[in-house]
There are 2 protein chains.
Amino acid sequence: MPVFENNVIKEILAKYRRIWAIGHAMSLMGWDEETYMPEKGVTERSTAIAELRALYQELVLSDQFVSLVEKAKSLEGLNDYEKGVVRVLDREITIAKKIPPQLNYELAKTTSEAFVAWREARSKAEFSIFRPWLQKVVDLTKQVAEKLGYEEHPYDALLDLYEEGLRLRDVRSIFSILEPGIRSVLEKVISRGYFTVRSPLEEAKYDEQAMRRVNERVLDLLGFPRDRARLDVSPHPFTTNMGVNDVRITTRYEGLDFKRSLFSVVHEFGHATYELQVDPELAMTPIGTGASLGVHEGQSRFWENVIGRSPQFASLVKPLLDQELGLTRSLSVEDVYRYFASVRPSLIRTEADEVTYNLHILLRYELEVQLVGGEIKVDDLPELWNRRTEELLGVKPNNDAEGVLQDIHWAHGSIGYFPTYTLGNIVAAMMRDAFRKRVGDLGDYVAKGDFGQIKSFLRDFIHRYGSTYAPKELLRRQLGSEYDPNALLSYLEEKYVKGAP
Amino acid sequence: MPVFENNVIKEILAKYRRIWAIGHAMSLMGWDEETYMPEKGVTERSTAIAELRALYQELVLSDQFVSLVEKAKSLEGLNDYEKGVVRVLDREITIAKKIPPQLNYELAKTTSEAFVAWREARSKAEFSIFRPWLQKVVDLTKQVAEKLGYEEHPYDALLDLYEEGLRLRDVRSIFSILEPGIRSVLEKVISRGYFTVRSPLEEAKYDEQAMRRVNERVLDLLGFPRDRARLDVSPHPFTTNMGVNDVRITTRYEGLDFKRSLFSVVHEFGHATYELQVDPELAMTPIGTGASLGVHEGQSRFWENVIGRSPQFASLVKPLLDQELGLTRSLSVEDVYRYFASVRPSLIRTEADEVTYNLHILLRYELEVQLVGGEIKVDDLPELWNRRTEELLGVKPNNDAEGVLQDIHWAHGSIGYFPTYTLGNIVAAMMRDAFRKRVGDLGDYVAKGDFGQIKSFLRDFIHRYGSTYAPKELLRRQLGSEYDPNALLSYLEEKYVKGAP
């Protein structure tokens, strides 16, 4: 049980409660904006969020708070939780201090305009509409990297912003193993053809009300705690937490290819479970939430891919799919499994399968590094994107909407974010290995629908610590090594090569 | 068009935006707590609200803000909107300064515990469970009155808290006219028997999904702007606004006696329309919301009673009730009207009809005045309540749950609040008179479903000003007199005596 005993830490936590409260309010405002807010409420909401964000920043950077955290840095004999509090706050203060308010303001303004331009550009498949905005975003992002500082490459500063401690050399080393490994797996998968088969379910329309019942029943199977969590609908699925006892996920209903809606739910359930299993003693403290984007994505991918796209899960949910949705009645469990776990190189990252997904990330991260390093220009992006897509995936975009314009991230100014998705895939595979080693075969538990045991394992090994430990340290301590790409390759090999008849 | 030209006012409004943002967040948090928040989120939510409330108070009372408002008080040549800003902020600061933080803290703590005791007391119909808590609430409320100060009676200080400028002598004068007037109307209504008849619909169960469709269709008829407003479900119906473009109402579905759910919707629609029709130029300023509880209740009662419980409205909505709900198919429009507008003395205020409603308020306000004035004791309440109910309404509670324990207000510490309900009923009748004088017969517009014309009138005469003017001044300027009880009596006489065959 974490205990905060040191008086300076206690004083910090008492003061932090107000900062936390503003964060709580902003989370709710963000959730509401995507779910229930009337359309025209957006202007007032944006103003309110901007004011609260400024207030949040002021409180974090207030002299009194900063000097308390400074004082805490020199304390000896702190326990791990107390050290975590100091680490997280020191990092937040350091980053906030390094980026001048004017630069933050420019970034917020530019990305909000860039988002509008990107949306138009994508809908018209015309990169030229987005190009000048992307140029501004890249320029401002480079300034951010310079202000943050770095040892080897400006991209290091950006990576660290999204994943504490992550460096370009880590990402390079990960992909130097992943790229050939995945290409090899993919070749075998394609040549065997078992997982590349097209399912009639991909084209099948579904009834939204029935699909809502499916999603709710699947959440019941997984053990979604309704008194602490809820499922809603939003244009893009996401998870948000207002606290350890109020975590909310969303999905969407497109009316076609039901696995998209279903696996959004299972994916977000993974994120939610992380937040729901943080030790309640850490509630309302700086370490009361997941350790990093990469570790978080590890949880969502574990549920979505390792559990959700398994034959045992297909077998478990088929009866309720048959009953509620009807579309699977004439199919076998194996058909449903192959629909869930199909592998086919494709153009759109968000629709990519487990095997090819990380090649999409490789493409993006390489371009980002070169952009930020000044080796390529914004103008070069569409062509480089298309050429590299063909090299990596063997398919070529017909237009920029299918290519360089497909992701929202750059419009949002999130350069350096993509690699955390691959970290997530790696962490998911590492957790599967750890489960096998410590508890048993995951598939057996999934087959029985015994998710309580799986959640206990996740809680004890990862979740309960919140962000007590920095991500790399957490992984070393709890899973035996930092982001290990070989775990992902073994998992893919076992599932998609050895697993194919 | 309101314009803020004075530089001091502009500076105040720029600083106020942050205070507004916190208020916006708290409104959303309150709404969410009653509608979608997972049950166990309540602890963290309460902490967040307490922190934001304290922060709000600190910003309002910050030296810089207070001295700006002080400076503005001596400015000459301000326009009405600018004067309104100064009036509202000066009032808020003055009240906040007078009540010591310790007293506020005691009140918050006591009322939160009193609420729990009241809920138990009511469910067991045992006043003794609530008695000690009510005693504490009364004691603390008296302290509040002393801190706020008053000229004639401590109740004045409490009335003013809920309705700016309202005094005990106003309320006494109002009820000295209303009490005999209402008794006289009630006698005639009972002797004629037309409105006292019991409808089979009172006992009829309804299908919730069908009732939801009824409510949505009625809101469509009334012209509820879906891009700026929404309807949800909560245990107790309410309206909340996050801004002029985000106003939300709720209703409930009890499954029986559908007019309760329907008229909650129409009532809250009235509150919402007030907020939605405040001049958008006043958004995010201290005067960008309704003028007072009494004027607000005037809007809700105008829609609920004057419009909703009219024969024309019954005729307008009967086809959709027939279609969606079915229960009214074998009944005439007249039957439905008499169901909507039935009059029968009863024990529970929230279920009271238009004629007897204000007698319930009279009972409460008399007891409050005597309690606060020290003429009666908390122990005396149950007996006094029952005796006076019999005198005023001719019915007697069987137990305290039907009597002194029925309302939440005292547990919440809201002593001095009840009279604003009667002010609302009066204002609704005054607005009906003003509409008749300036536009035409309200019933004709309702019959045609021409609510646009009615809303324009309300916007131009009352809504657009927000709280630019104090309530009494607003009524004098726009409706020709302050709260006029005779307007209510004429309306009741015309509708329930002359209107009965």
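Residues numbered from 1 in each chain as written. Chains lettered and ligands numbered in written order. Predicted model: local features only at pLDDT ≥ 70, side-chain atom pairs only at ≥ 80, totals over all residues. Heavy atoms only, no water.

Counting its secondary structure elements, chain A contains 20 helices and three strands. On C-alpha atoms alone, chain A measures out to a radius of gyration of 23 Å, which is about the 23 Å that the 2.2 N^0.38 rule sets for 501 residues. Taken along the three principal axes of its C-alpha coordinates, chain A extends 65 × 55 × 45 Å. When burial is assessed residue by residue, chain A has 59% of its 501 residues classed as buried. Once local pairs closer than 6 in sequence are excluded, the contacts in chain A between residues at least 24 apart make up 72%. Approximately 19800 Å² of chain A is accessible, and the part contributed by carbon and sulfur atoms is 47%. Of the charged side chains in chain A, 65 are positive and 76 negative, and the gap between their average positions amounts to 1 Å. (Helix = DSSP H or I, 4+ residues; strand = E, 2+ residues; numbered from the N terminus. Rg over C-alpha atoms; globule rule 2.2 N^0.38 Å. Buried < 20%, exposed > 50% of the residue type's maximum accessible area, 1.4 Å probe, protein only. Contact = heavy atoms within 4.5 Å. Areas by Shrake-Rupley, 256 points an atom, 1.4 Å probe, with all protein chains shown as cover. Lys, Arg positive; Asp, Glu negative; His and termini not counted. Charge placed at Lys NZ, Arg CZ, Asp CG, Glu CD.)

On to the domain arrangement of chain A, then. Residue and element names in this part refer to chain A. As assigned here, chain A comprises domain 1 (7-98) and domain 2 (168-498). Just the C-alpha atoms count here: the centres of domain 1 and domain 2 sit 29 Å apart. Opposite the 18 residues of domain 1 that make contact, domain 2 presents 24 residues. The junction of domain 1 with domain 2 conceals about 1900 Å² of combined surface from both sides, 63% of it contributed by carbon and sulfur atoms. Where domain 1 touches domain 2, the interface holds one salt bridge. Residue Asp80 pairs with Arg477 through a salt bridge whose shortest N-O separation is 3.5 Å. (Domains from an automatic or database assignment. Buried area = accessible area lost by both parts, 1.4 Å probe. Salt bridge = Lys/Arg side-chain N within 4 Å of Asp/Glu carboxyl O.)

What follows deals with the sheet that holds strand S3 (residues 246-251) of chain B. Residues and elements named next belong to chain B. An order of S1-S3-S2 is seen for the three strands of this open sheet, with the pairing classed as mixed. Sheet topology places strand S1 (229-233) and strand S2 (239-243) at the edges, where each strand pairs with a single neighbour. Averaged over all pairs of adjacent strands, the angle between their axes in this sheet comes to 20 degrees, without regard to strand direction. The sheet contact formed by S2 and S3 spans four bridges and is antiparallel. Bridging from a neighbouring strand, Gly243 pairs with Asp246 of S3. (Pairing = 2+ DSSP bridges. Axes fitted to C-alpha atoms, helices over the stretch in contact; angles between N-to-C directions.)

Let us now look at the sheet that holds strand S2 (residues 239-243) of chain A. Residues and elements named next belong to chain A. The sheet built from three strands is open, its strands ordered S1-S3-S2 with mixed pairing. Since the sheet does not close on itself, it has two edges, and those belong to strand S1 (229-233) and S2, each with one partner. Across the sheet, the axes of successive neighbouring strands diverge by a mean angle of 20 degrees, strand direction being ignored. Across the sheet, helix H9 (residues 208-222) lies against S1 and strand S3 (246-251), angled at about 160 degrees from S1, the strand it touches most.

Counting from both sides, the interface comprises 39 residues of chain A and, opposite them, 39 residues of chain B. Interface area lost by chain A to chain B is led by Arg18, Tyr36 and Glu44 of chain A, which between them contribute 21%. At the junction of chain A and chain B, the tally comes to 10 salt bridges. Broken down by secondary-structure element, the contributors of at least two residues to the side of chain A that touches chain B are helix H1 (7-35), helix H2 (42-60), S1, S2 and S3 of chain A. Class assignment for the residues of the side of chain A that touches chain B results in 19 nonpolar, five polar and 15 charged. (Nonpolar A, V, L, I, M, F, W, Y, C, P; charged D, E, K, R; others polar.)

With that settled, consider the environment of Arg476 of chain B. With respect to the secondary-structure elements, Arg476 of chain B resides in helix H19 (residues 471-479). The partly exposed category is assigned to Arg476 of chain B, whose relative accessible area is 44%.

Right, let's get into the nonpolar core. In terms of nonpolar packing, the biggest core is built from 347 residues, with Phe340 and Ile454 of chain A together with Phe313, Phe340 and Ile454 of chain B touching the most fellow members. Excluding residues that lie within four positions of it along the chain, Ile454 of chain A makes contacts with Phe302, Trp303, Ile307, Phe435, Leu442, Tyr445 and Val446 of chain A. (Core = buried A, V, L, I, M, F, W, Y, C linked by side-chain atoms within 4.5 Å.)

This part takes up the pairing of S1 of chain A. Residue and element names in this part refer to chain A. Burial of S1 is extensive: four of the five residues sit out of reach of the surface. The pairing of S1 with S3 spans five bridges and is classified as parallel. Its bridge partner lying in S3, Arg230 is registered against Arg248.

The next thing to look at is the pairing of S3 of chain A. Of all the six residues making up S3 of chain A, six are buried; the element is thus mostly covered by neighbouring parts of the structure. Burial along S3 of chain A is two-sided: the face carrying Asp246, Arg248 and Thr250 of chain A and the face carrying Val247, Ile249 and Thr251 of chain A are both buried.

Residue and element names in this part refer to chain A. Per the stated rule, a full pass over the model turns up 47 aromatic pairs over all chains. With 4.9 Å between their ring centres and 90 degrees between their planes, Tyr194 and Phe195 make a pair best called edge-to-face. The pair Tyr194 / Phe195 is uniform in exposure class, with both members buried. With a centroid separation of 5.4 Å and 90 degrees between ring planes, the pair formed by Phe435 and Tyr445 is classed as edge-to-face. Note that Phe435 is positioned in helix H16 (residues 419-438) and Tyr445 in helix H17 (residues 442-448), a separation of 10 residues in sequence. Here the aromatic cluster, defined as three or more aromatic residues joined through ring pairs, consists of Tyr162, Tyr357, Tyr417, Phe418 and Tyr421. When the ring centre of Tyr194 is taken as origin, the NZ or CZ atom of Arg338, which lies over that ring, is 4.4 Å away. (Phe/Tyr/Trp six-rings, centres within 6.5 Å; stacked < 30°, edge-to-face > 60°. Lys NZ or Arg CZ within 6 Å of the ring centre and 35° of its normal.)

As a further point, take the packing of helix H8 (residues 168-192) of chain A against H16 of chain A. Residue and element names in this part refer to chain A. Where H8 meets H16, the closest approach of the two axes is 12 Å, and the angle between their N-to-C directions is 60 degrees. With respect to H16, the element H8 is oriented oblique. Once H8 is placed against H16, the crossing between them reads as left-handed. Facing H8, whose interface residues are Val171, Ile174, Phe175 and Leu178, H16 presents Pro419, Thr422, Leu423 and Ile426. Counted by class, the contact of H8 with H16 contains seven nonpolar, one polar and no charged residues. (Parallel < 35°, antiparallel > 145°, perpendicular 65-115°, else oblique. Left-handed = near helix turned anticlockwise from the far one by under 90°.)

Here we come to the relation of the copies chain A and chain B. Screw-axis analysis of chain A against chain B gives a translation of 0.0 Å along the axis, an RMSD of 0.0 Å, and a rotation angle of 180 degrees. The superposition operator between the copies reduces to a two-fold rotation axis. In terms of proximity to the rotation axis, the leading residue of chain A is Ala25 of chain A, whose C-alpha is 3.0 Å off the axis. Comparing contact sets, 100% of the residues at the interface of chain A also lie at the interface in chain B, consistent with an isologous, same-surface contact. (Least-squares fit on C-alpha atoms with pLDDT ≥ 70 in both.)

This part takes up the packing of helix H6 (residues 127-148) of chain A against helix H7 (residues 154-162) of chain A. All names here are of chain A. Two elements in contact, H6 and H7, have axes whose closest approach is 8 Å; the angle formed by their N-to-C orientations is 90 degrees. In terms of their interaxial angle, H6 and H7 are classed as roughly perpendicular. Counting all contacts with H6, which are made through Thr141, Val144, Ala145, Glu146 and Leu148, the residues of H7 involved are Pro154, Ala157, Leu158 and Leu161. Residues belonging to the contact of H6 with H7 are distributed by class as follows: seven nonpolar, one polar and one charged.

Right, let's get into the pattern of salt bridges. If you walk through the whole model with that rule in mind, you get 100 salt bridges over all chains. In this structure, Arg344 of chain A engages Glu202 of chain A in a salt bridge whose closest nitrogen and oxygen atoms are separated by 2.6 Å. Of this pair, Arg344 of chain A sits in the loop between helix H13 (333-340) and helix H14 (357-372) while Glu202 of chain A is found in the loop between H8 and H9, placing the two residues 142 residues apart along the sequence. The class for Arg344 of chain A is partly exposed, based on a relative accessible area of 23%. Taking the shortest distance from any N to any O, the salt bridge between Glu208 of chain B and Arg212 of chain B comes out at 3.0 Å. Here Arg212 of chain B and Glu208 of chain B lie together in helix H9 (residues 208-222), a separation of four residues that amounts to about one turn. Beyond isolated ion pairs, a larger network of salt bridges with shared partners links Arg87, Arg91, Asp160, Glu164 and Arg167 of chain A.

What follows deals with the side chain of Gln406 of chain B. Residues and elements named next belong to chain B. Inspection of the secondary structure assignment puts Gln406 in the loop between helix H15 (381-393) and helix H16 (419-438). At 3.0 Å, the side chain of Gln406 and the backbone oxygen of Leu347 are in polar contact. One polar contact links Gln406 to Arg364, side chain to side chain, over a distance of 3.0 Å. Once you skip the residues sitting within four places of it in the chain, Gln406 turns out to touch Trp118, Arg122, Leu347, Ile348, Arg349, Arg364, Trp385, Asp400 and Ala401. (Polar contact = N/O pair within 3.5 Å; in protein donor to acceptor, adjacent residues only side chain to side chain.)

Residue and element names in this part refer to chain A. The end-to-end C-alpha distance of helix H15 (residues 381-393) is 17 Å, a good match for the 18 Å that 13 residues give at a rise of 1.5 Å each. Those residues of H15 not exposed but buried are Leu381, Pro382, Trp385, Asn386, Arg388, Thr389, Leu392 and Leu393. Packed against the buried residues of H15 are H6, H8 and H14. (Expected span 1.5 Å × (residues − 1).)

Looking at chain A as a whole, the pLDDT averages 97, with 100% of positions reaching at least 70. Scored as a complex, the prediction yields pTM 0.95 and ipTM 0.94. (pLDDT = per-residue confidence, 0-100.)

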